[in-house]
Each structure stands twice: as structure tokens, then as C-alpha cells.
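# Inside the fold
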Amino acid sequence: MGQTILIVDDDPDVRDLLREGVFAGDEYRVLEARDGPDALTLLGQESPDLILLDLVLPGLSGMDVLVALASHGVQAPVIVMTEDRDLSAAVEAFRLGAADVVAKPLREAEVAAAAERVLAQVRMRHERDALVSELQAANEQLSAQVTALSTLHDIGESVVALRDLESVFNRVLEAALSLTHADHAMLLLRDERSDSLILRAGQNLPLAMLDRLGSAVRDELADLVMQSREPLVASGDGLRRFKAGRDRYAVAYIPLIVQSAAIGVLAVGNHQSARAFDQGHARLLKILASYAAMAIVSVRLSVMLDQRSRQLAQVQQELHAWQMQRREWFREGFAALRPPLEMAQSALVWLEQNAADLPVEVLTLHLTDVAVRVREALAHLRALEQPPAQAE
């Protein structure tokens, strides 16, 4: 639509001249008022880009209209039309806020030149206001992003510092809802044994999904993200082509990546509000997903190390117990071995001293006793060769 021009003049010939001569092109939309009240009524309904105002009007004068425009906060510039020799009226019009003055009788070229000057200023002001608005919007957006990133950094540090999975899940989901203002959020993790996706945690989930917590789920959108390892943002009719998206207006699925492999999916959705997610949300969630993946792997490694540490401590305890048992067994063995050896030694010494004086029967008896003691000692030695088994 072209620029809107309001002509306020009680002379229809002047209005016709301006409408059909100066502002006849398609780039203009012309409104007309015969007097001050008509003009003020139109201004309550329209916002013209330029007003041409005759100072001599029936009833309210042009000066009165200028005062009324200022009191009503009308921003449109005004070109006043006055008699050629009425300089005092022109000066007063400028004082009351007129942008320019043209003299009657009107000359089309002069009016067109004045209108172009004023409209050029209007365009420049609109462009400046638009640039200022864009700059303010960009600054607000940048400020919001900086705030979000700062918040995300703090969240990330707190997530990575956690040492149990349930706390990690809750903190990540709270952050996802806060960053996107989504209706619900959920975490799906790949089960290494079955290779299926398990719905490990969720917040504000629809009732149909609450029953599936802790179970394997079939979600085409999550499967696509796991395969592509790329974020997916969808809404509206395109989302409803998928079974997983039929009860939701918008979703954002973000993969959890560890060493180029997807270990799960962080997802948010709107099942109550008709609000879509954008790439800005996806970028924030991608950073959050990176922190979440690191935290999950860290907790899993911590749990594994704790298990290994407990196993090692148990093995050390069992080894110590076995060593103590073996030491006791050797002590008992040596204690059992000493008496027969000492007795055999004593018998041999006695025989060595008295063998020549002893009958053969007595000597045989003593030798038999020594043999028995030696066999007892050998039996104890063989027992020592087979220590007790170590506990597994």
C-alpha cells in the first residue's frame, strides 16, 4: 500500500487539484476532510503519512487544528496552505509544528516538491526507527543468548559434577525445560545389550508416556536422530506424519554423542501449547546434550571404578585370609613334624651308642620304631606339599 495523504480544505477544487494532480499516482492513498472536525475524526481512524492543511477553514481554523494535532500526539508532518502574502500566519504555523508552507493559489510543482521533501524526511525517520528497532531486537536477542549461554555453562558444570545418574537426569531435564519453555522433556538411552532405546527419565510427560518410564520405547524420531547423529526440530503437519509426533505440536530431538557415537537422545516437546522450537533452541539443547553425555559417561565410569575397587578390596581380603591360613597350616605342620623327627634322632643316637651290646631282637625293635617315626615325618612332609586351596 502507498503512502497515505490527508487533505484538509473546504474548497473541493483545491482537493481535486491535489488528489488528481499532485497525488494521482498509485503510490499515494488520498483521504479528504472539509473542515477541522472531519479531519480530527479521520485521524482517530487513520494514521496518514502527510497532512496538507488549509489555514482558513470554517469553524475550527487551521491554527486550531495544528494545536489539536499536537495535543492528540499526531506524528504525521503537516504542510500548511496559506495566502501568498500572509507571512505572519506562516511563521505562526511553523511555531505550532508545521513542517512546510505552500502559498495559495497552489502550484502543482511547488506542492509536489514540498511534499517530496517532507515525505523523504518521513521515510528517513521510518528507516531510522526501523533500524533502531532492529538494533534493539538484536541487542535483546544477543543479551538473551549471552544469559542463556552463561546459565547453560553453570548448568553444565553442575551436571558434570554430579555423581549419580538420577541426579544427572533430573538436572538435565530441568535445564532443558528452562532453556526452551517446553511442556515436557525426556531422556532416552541406548541399552548396550539389546541396542534398544530405554526411556530413562522424563518431566511433565503426557500420561501415555509416564507408563513407559524405564522401558524400551519405539520412537521413529529418536531412531532417526540416533542414526544421523544430528538434531531434529519439527512442528505442525510435518511432525504428525510420525506416530511419535501425533499428540505433540512441536518437538526437538538432540543426540547425546560420545566419541562420534550416539548413546541416547535428549528430547523436548509441546503437547499443550502451540509453540514451535527454533534453531536457537536446538543450539542450546545441543550444548546441554554434550554436558549430559559427559556426565552420564563420567558417572558410569565412576560406578565401574567403584565396583572394580570393591572387587579388588575383596580379593585382597581373601588373599590375606588365605596367606594367614597357609601360614597357620605350615606352623601346624612343622609342629606335628618335630616330635617324630626328634624321637627318631634320639633313637638313632642311642642305637649308635649301644648297638654293639644289644641282642638282634632288641636292635630290630628299636630300628622298627625309628622307621615308624621316619614314616610319620615323611607323611607330614607330603601333607605340606599340598597346601590348602586359595579362595576364589
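In this report, we go over the structure that sits alongside the text. (Residues numbered from 1 in each chain as written. Predicted model: local features only at pLDDT ≥ 70, side-chain atom pairs only at ≥ 80, totals over all residues. Heavy atoms only, no water.)

### Structural notes on the overall build of the protein chain
Looking only at helices and strands, the protein chain has 11 helices and 11 strands in total. For 392 residues, the compact-globule formula gives about 21 Å, and the C-alpha radius of gyration of the protein chain, at 50 Å, lies well above that figure. Out of the 392 residues belonging to the protein chain, those deemed buried represent 36%. A fraction of 60% describes how many contacts in the protein chain between residues 6 or more apart in sequence connect residues 24 or more apart. A total accessible area of about 23,000 Å² is found for the protein chain, and carbon and sulfur atoms account for 53% of it. Looking at charge distribution, the protein chain has the averaged site of its 38 positive side-chain charges lying 9 Å from that of its 56 negative ones. (Helix = DSSP H or I, 4+ residues; strand = E, 2+ residues; numbered from the N terminus. Rg over C-alpha atoms; globule rule 2.2 N^0.38 Å. Buried < 20%, exposed > 50% of the residue type's maximum accessible area, 1.4 Å probe, protein only. Contact = heavy atoms within 4.5 Å. Areas by Shrake-Rupley, 256 points an atom, 1.4 Å probe, with all protein chains shown as cover. Lys, Arg positive; Asp, Glu negative; His and termini not counted. Charge placed at Lys NZ, Arg CZ, Asp CG, Glu CD.)

### A word on the sheet that holds strand β2 (residues 28-33)
Here 5 strands make up an open sheet; going across it, the order is β2-β1-β3-β4-β5 and the pairing parallel. Strands at the two margins of the open sheet, each flanked by one partner only, are β2 and β5 (100-104). Strand-to-strand, the axes of this sheet are offset by a mean angle of 20°, without reference to chain direction. Relative to strand β3 (residues 50-54), strand β1 (residues 3-8) runs parallel, the two being bridged by 4 bridges. Among the inter-strand pairings, L6 is bridged to a residue of β3, identified as I51. Helix α3 (residues 62-71) rests against β3 and β4 (78-83) of the sheet, and its axis sits at about 150° to β3. (Pairing = 2+ DSSP bridges. Axes fitted to C-alpha atoms, helices over the stretch in contact; angles between N-to-C directions.)

### Topic: the environment of D26
Here D26 lies in the loop between α1 (12-22) and β2. We classify D26 as exposed; its relative accessible area is 78%. Expressed as a C-alpha distance, the spacing of D26 and R229, which sit 203 residues apart in the sequence, is 54 Å.

### Side note on the nonpolar core
By size, the foremost hydrophobic cluster in this structure holds 31 residues, and its most contacted members are L256, L266, V268, L285 and L288. For this core, the secondary structure elements donating two or more residues are α6 (165-180), β6 (184-190), β10 (250-258), β11 (261-270) and α10 (279-354). Sorting elements by how many residues they give to this core places α10 first, with 10 residues. With residues near it in sequence (within four places) discarded, L266 still touches V172, L173, A176, M186, L187, A252, Y253, I254, L256, L285, L288 and A289. Among the nonpolar cores identified, the runner-up in size contains 23 residues, and L31, A33, L42 and V101 belong to it. (Core = buried A, V, L, I, M, F, W, Y, C linked by side-chain atoms within 4.5 Å.)

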